Amino acid sequence: MSGSESAPSPIDTSRPHPARVYDWWLGGKDNYPVDEELARKILAADGTAVRGARANRRFMHRATRAASEAGIRQFLDIGTGIPTEPNLHQVAQAVAPESKVVYADNDPIVLRHAEALLHGSAEGTTDYVHADVRDPETILRLAGEFLDFAQPVALSLVALTHYLGDAADGDDVYGLLKRYVEVLAPGSWLVLSQVTSDISTEGVQKAAEHFRRSGTPFYPRSLTEFSRFFDGLELLGPGVIPVYGWRPEAEDVAAQAEGIVPVYGGVARKP
Ligand SMILES: C[S@@+](CC[C@H](N)C(=O)[O-])C[C@H]1O[C@@H](n2cnc3c(N)ncnc32)[C@H](O)[C@@H]1O
């Protein structure tokens, strides 16, 4: 494990955590009563939450497979989440067993489960960094011990940017992403998804309010705001789109029949 800059805090079961709430929507077992309570409240406000989580996870699979099939062999996945099979390294290493994957997350529960993320293929390798996405220096330095940033990397922040505010909120999510992208070699990919209130507007606004009240800042973004993350990059087809529509497979087309989900996805290449 590449490690962490500071000792991880213990798992706090007194308030809900996003990784554990998402785990409940995905049908996982790594969540506590406080997480289930918030997950159910949000689901009651926005009936798309469970389908949205599943659709988002499948978007990650397809985008990772596309990067692998395009020849990318190095992956940096920030905001990894609690392991849910298949994990990103399993998708990448199914295409190219020698693929190297570095995961990063700041939640102590993800660190506790990191072992499950560290079993790569015999030829490939995986590593884990316990750090906050808002600390790019640490993540890039530790990831750089494992990945060669002179070669293309697929950088993914999947369902993460909605927890990060703009400059006015103190996070400067656009500046932060720029900082990550500027170290990437030409030919690298950026894979992003995040919640929008363009779709299911009332439900998403209520869900955001539930998150905020529980202590987790939450920032749905419009199509224009989300698309700005890809400025200066070449968006790959079909562009920025609700996640079901990003190079869908039969299962996604069938799932979309149940209704669209308020999660945008996009993938771009650094020229
Ligand atoms: C909704 S989950 C998404 C998991 C996975 N990327 C996926 O899409 O299936 C969001 C993840 O981002 C992590 N996260 C939230 N804020 C973070 C931060 N400031 N730094 C690093 N990770 C963060 C959470 O701990 C959680 O694991």
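Look up: the structure comes first, before these words.
Residues numbered from 1 in each chain as written. Predicted model: local features only at pLDDT ≥ 70, side-chain atom pairs only at ≥ 80, totals over all residues.

(A) Geometry of the overall build of the protein. A count of helices and strands for the protein gives 11 helices and nine strands. On C-alpha atoms alone, the protein measures out to a radius of gyration of 17 Å, which is about the 18 Å that the 2.2 N^0.38 rule sets for 271 residues. Taken over the C-alpha atoms alone, the protein extends approximately 45 × 40 × 40 Å along its principal axes. Expressed as a percentage of contacts within the protein between residues at least 6 apart in sequence, the contacts between residues at least 24 apart total 77%. (Helix = DSSP H or I, 4+ residues; strand = E, 2+ residues; numbered from the N terminus. Rg over C-alpha atoms; globule rule 2.2 N^0.38 Å. Contact = placed C-beta atoms within 7 Å.)

(B) Up close: the pairing of strand S2 (residues 74-78). Counting buried residues in S2 gives five out of five residues, a clear majority hidden from the surface. Side-chain alternation along S2 places Gln74, Leu76 and Ile78 on one buried face and Phe75 and Asp77 on a second face that is also buried. In this sheet, strand S3 (residues 100-105) lies alongside S2 in parallel orientation, the contact comprising five bridges. For Ile78, the partnering residue across the bridge sits in S3 and is Ala104. A crossover connection joins S2 to the parallel S3 through helix H4 (residues 88-95); in handedness this β-α-β unit is right-handed. Relative to strand S5 (residues 154-158), S2 runs parallel, the two sharing three bridges. From the neighbouring strand, Leu76 faces S5, where its bridge partner is Leu155. (Buried ≥ 20, exposed ≤ 12 C-beta atoms within 10 Å, placed from the backbone. Pairing = 2+ DSSP bridges. Right-handed = clockwise from strand over helix to strand, strands pointing away.)

(C) Region of interest: the nonpolar core. The biggest cluster of nonpolar side chains holds 74 residues, and the ones touching the most others in it are Leu76, Val102, Val129, Ala154, Trp189 and Val191. Looking at this core, the element that brings in the most residues is helix H3 (residues 49-69), giving seven residues. (Core = buried A, V, L, I, M, F, W, Y, C linked by C-beta atoms within 7 Å.)

(D) Spotlight on the packing of helix H2 (residues 33-45) against helix H9 (residues 201-213). One can describe the packing of H2 onto H9 by two numbers: an axis separation of 8 Å at closest approach and a directional angle of 160 degrees. Our classification of the angle between H2 and H9 gives roughly antiparallel. H9 is crossed by H2, and the crossing has right-handed handedness. When H2 is examined against H9, the residues Leu38, Lys41, Ile42 and Ala45 are found in contact with a partner set consisting of Gly203, Lys206, Ala207 and His210. Residues of the contact of H2 with H9, tallied by class, amount to four nonpolar, two polar and two charged. (Axes fitted to C-alpha atoms, helices over the stretch in contact; angles between N-to-C directions. Parallel < 35°, antiparallel > 145°, perpendicular 65-115°, else oblique. Left-handed = near helix turned anticlockwise from the far one by under 90°. Nonpolar A, V, L, I, M, F, W, Y, C, P; charged D, E, K, R; others polar.)

(E) Structural detail: the site of the ligand. Not every one of the 20 residues close to the ligand is listed here, only the nearest: Ala19, Gly79, Gly81, Asp107 and Val158. For the shell around the ligand, the secondary structure elements donating two or more residues are helix H1 (18-25) and H3. Residues that form the shell around the ligand fall into these classes: 10 nonpolar, five polar and five charged. (Near = placed C-beta within 6 Å.)

(F) Here's a closer look at the packing of H1 against H2. Two elements in contact, H1 and H2, have axes separated by 8 Å at closest approach and are oriented at 65 degrees. Between H1 and H2 the crossing geometry is right-handed. Between H1, through Arg20, Val21, Trp24 and Trp25, and H2, the contact on the second element is made entirely by Asp35, Glu36, Leu38 and Ala39. For the contact of H1 with H2, a count of residues per class yields five nonpolar, no polar and three charged.

Purely spatial values, then, with no claim about function.
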